[in-house]
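What follows is each chain in one-letter form.
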Number of protein chains: 2
Amino acid sequence: MVKKTQDSGAGSTPQRTTLKDVARAAGVSHQTVSRAINNKGEIDPLTRQRVLDAARELRYRPSRFARGLVRPDMTTVGLIIPDVANPFYPELIAGVIEAANVRGWQVVVGSTQGDRDGELALVRSLGRQVDALIGFLTHTDAELAPHLEGLPLVVMDRHQSTAHGVVDVDVRPGLRQGLQHLIARGHRRIGMIDCANECGESRRDCFRAVTEELGLAVDNSWIVLGEESMAGGEAAFTDLRHRHPELTAVIGYNDLVAIGAFRAARRMGLAVPQDCALLGCDGLSIGELLDPPLSSVYIDKRRMGQLAMDQVDGLLSGTPTAPALLGTELLHRGSF
Amino acid sequence: MVKKTQDSGAGSTPQRTTLKDVARAAGVSHQTVSRAINNKGEIDPLTRQRVLDAARELRYRPSRFARGLVRPDMTTVGLIIPDVANPFYPELIAGVIEAANVRGWQVVVGSTQGDRDGELALVRSLGRQVDALIGFLTHTDAELAPHLEGLPLVVMDRHQSTAHGVVDVDVRPGLRQGLQHLIARGHRRIGMIDCANECGESRRDCFRAVTEELGLAVDNSWIVLGEESMAGGEAAFTDLRHRHPELTAVIGYNDLVAIGAFRAARRMGLAVPQDCALLGCDGLSIGELLDPPLSSVYIDKRRMGQLAMDQVDGLLSGTPTAPALLGTELLHRGSF
DNA sequence: TTGTATGCGTTATCAG
DNA sequence: CTGATAACGCATACAA
């Protein structure tokens, strides 16, 4: 019934239906349409209805951009994570969202799904939609810079940076406690499953540093690299145990691989912790589901989210907060 | 140095720094600033640098709204879930994000954190920032309507609606398979742990329907209501077992409560599945961590996300897709 | 290389 | 009750 008349210059692009289109269709001014749409009082119920009908007919949707331009704009923070399905992130996301809610802000979550190339693209596209970015990124500052265009960024974990906000995690305290405990229990032949890690101090280095500090000699053959997943953990453990049948304890890069190791151990007929003690890292709640539950270097993920938002806040307000360093502690469950 | 001159009517609000401010500070036109900011070629490297400096100095950030207004705008879909930390959602979120990526769209995730009142507020605030909404909502269409202002909405699961897009889950097929299996194994005294559920057909009703269909008489005392969490599952199981020590199998409202039941059973010295068989619902991957792993009515959560996005697509393009109904099947692991 | 003018879709102001 | 008209902040032809 309603015809899209005149102008529409190009003719190629579908042309979004606008307030004016509705106005034309309803035979009123665009201003009246605005009033109808926004439920303003000063309008004849009759015209109001007519306008609303026309709007529905034309499938009119107000442009959030035009609105944002006029109304006081809401702060929106983008959060980039490598993989939503990784159980490490949900809690962190919760922390970020909570911290945002407190400030009346919004959070846009994007996931690269492990696609390292997609990361930069996501930084770009998400970046132009938000006021600041929080990201678990694999690229360096230099690589990131051209895509940022001055957008405030907070880099999380495993990433060094002087140019941006930072929330880092120091696994050493928890790891130290864990190793001390193991040593106290007589463990000496301790292996580690490491994972690839583009930026920042690797956990392998932490492990090395702490074992050395505690007077444990660990050569490279005790550290095996695995994929960051349960399957990766299983494979790595099998490998490690094959190489060193005498091992009595294994540290996992994180809980995911530690759980993989747990399962591999089980399959090999090893009792945890009697035949082989296990220590994860992250302190995921799912570790509790194992029997015995997985001991782990606990990271307060919700807190991480809050700290990240504090960094954002500082960046946005022009008074940057000092880089945050989150400590860790041993979460003593049953796997050693 | 830079004075905010003239107009600026109100004078109260902090006034966002704009292109013009930078232009004034750098002594060029706002156009030149735009070129500098956007890395356009046609500009003297010197002025460029001067402008960039001024921009940094004034902490200039381009308005994403103004930009969106001018550039081809990217479709953004809001996703509202009750609780990010609930392991049911991450996979679904992944599905939604994937489906969005395929279309070159973005996803904004919001979580009500179980706050039922906050739900409406979130619908409002998130709603005005996106082109469409996907939501696990507890409110009825009528309650939602005034906050939607015509925004396309897709309601997920446990929610009836004629006014919006719908993705529903039919647990019956999987539940039927599960019960058939249990019955074949000789189970007759089967209990269920139910959870509160504002909208849609309750799983309790499903359970009733299927047991009846299979010729099993189940009176109310075999159905116990629990909180939707592991702790709730534990309490409910304890309660149920106390009431009916003769029970041989329990169906959980979802995997979370089923896992709780599992733990409670363990604590009571019951072997799963020998002393009590267990069946969950959702098919969460964490069910695999139990020993024996949790059997469950499997729901393809990634697929749910895709279906939701298909609904959105239909709504946005003006050719609504028929309501989606996702089937289920028995995921046979070890807990029965 | 740089500046001027115009339009994007809305809401707000102030006339009629 | 309704309709012009002016912002909002930015980008993009077009002119200088």
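Heads up: these notes are all about the structure in this document. What you see is a predicted model, and the numbers here were worked out from it, not measured in a lab.

**Observations regarding the protein's contact with DNA strand D**
If you check the shell around DNA strand D, you find 26 residues, and the closest are Thr 32 of chain A together with Leu 19, Gln 31, Tyr 60 and Arg 67 of chain B. Within 4 Å of the protein, the contacting atoms of DNA strand D are 59% sugar and phosphate, with bases supplying the remainder. The backbone of Ser 29 of chain A places a nitrogen or oxygen atom 3.3 Å from a phosphate oxygen of DNA strand D. A distance of 3.0 Å separates a phosphate oxygen of DNA strand D from a polar backbone atom of Ser 63 of chain B. Listing elements by their share of the surface near DNA strand D, those giving two or more residues are α2 (30-37) and α4 (64-70) of chain A together with α2 (30-37) and α4 (64-70) of chain B. Here the surface near DNA strand D is composed, by residue class, of ten nonpolar, eleven polar and five charged.

**Some details on the packing of aromatic side chains**
Residues and elements named next belong to chain A. Tallying each qualifying case throughout the model produces six aromatic pairs over all chains. Judged by centre distance (5.2 Å) and plane angle (85°), the rings of Phe 88 and Tyr 89 are edge-to-face. With relative accessibility at 7%, the residue Phe 88 sits in the buried group. A residue is classified by how much of its surface remains accessible, and Tyr 89, at 4% relative accessible area, is buried. An aromatic cluster of at least three residues, connected via ring pairs, comprises Phe 88, Tyr 89 and Phe 136. Taking NZ or CZ as reference, Arg 103 lies 5.6 Å from the ring centre of Trp 105, over its face. When the ring centre of Tyr 253 is taken as origin, the NZ or CZ atom of Arg 203, which lies over that ring, is 4.9 Å away.

**Examining the protein's contact with DNA strand C**
Of all residues adjacent to DNA strand C, which total 27 residues, the nearest are Leu 19, Gln 31, Tyr 60 and Arg 67 of chain A together with Thr 32 of chain B. Near the protein, within 4 Å, the atoms of DNA strand C are sugar or phosphate in 59% of cases. Within the side chain of Ser 34 of chain A, a nitrogen or oxygen atom sits 2.9 Å from a phosphate oxygen of DNA strand C. A distance of 2.9 Å is found between a phosphate oxygen of DNA strand C and a side-chain nitrogen or oxygen belonging to Asn 38 of chain A.

**A look at helix α5 (residues 89-103) of chain A**
Residue and element names in this part refer to chain A. Helix length check: α5, at 15 residues, gives a terminal C-alpha distance of 21 Å against a target of 21 Å (1.5 Å per residue), a fit within 8%. Buried residues dominate α5, accounting for eleven of its 15 residues. Residues of α5 that are buried include every one of Tyr 89, Pro 90, Glu 91, Leu 92, Ile 93, Ala 94, Gly 95, Val 96, Ile 97, Ala 99 and Ala 100, and no others.

Parameters and conventions
Residues numbered from 1 in each chain as written. Chains lettered and ligands numbered in written order. Predicted model: local features only at pLDDT ≥ 70, side-chain atom pairs only at ≥ 80, totals over all residues. Heavy atoms only, no water. Near = heavy atom within 4 Å. Polar contact = N/O pair within 3.5 Å; in protein donor to acceptor, adjacent residues only side chain to side chain. Helix = DSSP H or I, 4+ residues; strand = E, 2+ residues; numbered from the N terminus. Nonpolar A, V, L, I, M, F, W, Y, C, P; charged D, E, K, R; others polar. Phe/Tyr/Trp six-rings, centres within 6.5 Å; stacked < 30°, edge-to-face > 60°. Buried < 20%, exposed > 50% of the residue type's maximum accessible area, 1.4 Å probe, protein only. Lys NZ or Arg CZ within 6 Å of the ring centre and 35° of its normal. Expected span 1.5 Å × (residues − 1).

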